[in-house]
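Each chain, written out:
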Amino acid sequence: ALSAAHRAGLVHRDLKPDNVFLCVARREGVPFTVKLLDFGIAKALDESSEQGAPLRQTSAVGTPLWMAPEQAQRGEVTPSADVWSMGLLAFKLLTGRSYWRSGNMPEAPVERVLRELFAEPIDPASERAREFGASLPAGFDAWFARCVARDPQHRFRDATEALGGLIPVLLGPQPTAAFSTVDNPRRSAVPPTVAMPLVVTGAPPWPVSYTHLRATRPY
């Protein structure tokens, strides 16, 4: 959903657990559907320039524990701002805790929150997870570090690129779908923008992979 928003030229700006709903799926064979909600403060990228151009001097909006530093500083905002939140959300889903120590406090002082966001070193995700008695899959540290780089230029460019890096971390190396036109003339010779990993035998362990391919091109 976030990838679709970015392709449409939208930056969500408030990606957090409260805006991600786990719903009963209406499609047969799919156990659940994840819905991304509340685009109330989403912003369109500058229509006067190429798609993907940054938003200029946007207002400081969002939820402090989830928003990228440039949002708080009223700087330029690109889809990479949502990638920052995406990394924090993935950490929360895998550990059950906020990456920020202040986020696990009942009422953290604003100064404490801002110090973590802007000044203190960003420890490897696995080190922070061990503080909570949790563990993370191999490779998650590198993926997370690229999501929460304070310099937006050092992050994944958008959700599609970030998701493409996360799936192999969670599932391990997987065969990718073949995009041959020989066995099915309706197939396009051009593969989707990102070839998401699929399991060749058995049911896909994660419906998002299959859903992404279906949504990208009608194979």
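This section reports on the structure supplied with the text. (Residues numbered from 1 in each chain as written. Predicted model: local features only at pLDDT ≥ 70, side-chain atom pairs only at ≥ 80, totals over all residues. Heavy atoms only, no water.)

For the rest of this paragraph, the subject is the overall build of the chain. Assigned secondary structure in the chain consists of eight helices and four strands. Burial status across the chain gives 38% buried among its 219 residues. Here the contacts in the chain between residues at least 6 apart in sequence split such that 56% fall between residues at least 24 apart. Put simply, the chain shows about 12,300 Å² of open surface, and 55% of that area lies on carbon and sulfur atoms. (Helix = DSSP H or I, 4+ residues; strand = E, 2+ residues; numbered from the N terminus. Buried < 20%, exposed > 50% of the residue type's maximum accessible area, 1.4 Å probe, protein only. Contact = heavy atoms within 4.5 Å. Areas by Shrake-Rupley, 256 points an atom, 1.4 Å probe, with all protein chains shown as cover.)

Next up on the list: the pattern of salt bridges. Applying the stated criterion to the full structure yields 10 salt bridges. A salt bridge links Arg128 to Asp123; the nearest nitrogen and oxygen atoms lie 3.0 Å apart. Given a relative accessible area of 2%, Arg128 falls into the buried group. One salt bridge connects Glu131 with Arg128, and the closest N-O pair in it is separated by 3.9 Å. (Salt bridge = Lys/Arg side-chain N within 4 Å of Asp/Glu carboxyl O.)

What follows concerns unusual backbone geometry. Phi is mostly negative for residues that are not glycine, and the peptide bonds are mostly trans. Positioned with a positive phi, Arg13 is a non-glycine residue whose angle comes to about 75°. Along the polypeptide, Arg13 turns up in the loop between strand 1 (10–11) and strand 2 (20–23).

With that settled, the discussion passes to the nonpolar core. Ranked by internal contacts, the top residues of the largest apolar core, which has 36 residues, are Trp84, Met86, Leu88, Phe91, Phe140, Trp143 and Phe144. Elements represented by at least two residues in this core include exactly helix 3 (80–95), helix 4 (110–118), helix 5 (125–131), helix 6 (140–147) and helix 7 (159–171). Discounting chain neighbours no more than four positions away, the residues touching Phe144 are Gly87, Leu88, Phe91, Tyr99 and Ala125. (Core = buried A, V, L, I, M, F, W, Y, C linked by side-chain atoms within 4.5 Å.)

Another point: the side chain of Ser3. With respect to the helices, strands and loops of the structure, Ser3 is situated in helix 1 (residues 2–7). A residue is classified by how much of its surface remains accessible, and Ser3, at 10% relative accessible area, is buried. In this structure Ser3 touches Ala159 and Thr160, once residues within four positions along its chain are discounted.

Inspection of helix 6 places Phe140, Trp143, Phe144 and Cys147 among the buried residues, and these make up the whole buried set. All buried residues of helix 6 project into a common sector of 95° when viewed along the axis, lining one side. On the buried face of helix 6, the contacting elements are helix 3, helix 5 and helix 7. (Arc of directions from axis to C-beta.)

Here we come to the packing of aromatic side chains. For the structure on display, the rule yields nine aromatic pairs. When the centroid spacing of 5.4 Å and the interplanar angle of 85° are considered together, the rings of Phe91 and Tyr99 count as edge-to-face. Residue classification places Phe91 among the buried residues on the basis of a relative accessible area of 0%. Ring-pair connections join several aromatic residues into one group, and the members of that group are Trp84, Phe91, Tyr99, Trp100, Phe132, Phe140, Trp143, Phe144 and Phe156. The residue whose ring lies beneath Arg128 is Tyr99, and the NZ or CZ to ring-centre distance is 4.3 Å. (Phe/Tyr/Trp six-rings, centres within 6.5 Å; stacked < 30°, edge-to-face > 60°. Lys NZ or Arg CZ within 6 Å of the ring centre and 35° of its normal.)

This part is about the side chain of Ser85. Within the secondary structure layout, Ser85 lies in helix 3. Accessibility expressed as a relative area gives 2% for Ser85, which makes it buried. In this structure Ser85 touches Leu15, Trp66 and Met67, once residues within four positions along its chain are discounted.

Helix length check: helix 3 (16 residues) gives 23 Å between terminal C-alpha atoms against 22 Å at 1.5 Å per residue, within 8%. Among the 16 residues of helix 3, 13 are classified as buried, and the element is accordingly described as predominantly covered. One or two positions beyond helix 3, positive phi appears at Gly96, with a value near 80°. (Expected span 1.5 Å × (residues − 1).)

Relative to the assigned elements, Leu117 resides in helix 4. With 33 residues separating them along the chain, Leu117 and Arg150 place their C-alpha atoms 8.7 Å apart. Ignoring any residue separated from it by four or fewer positions in sequence, one finds Leu117 in contact with Pro64, Pro69, Trp84, Trp100 and Arg150.

Spatial relationships are all this shows, so hold off on functional conclusions.
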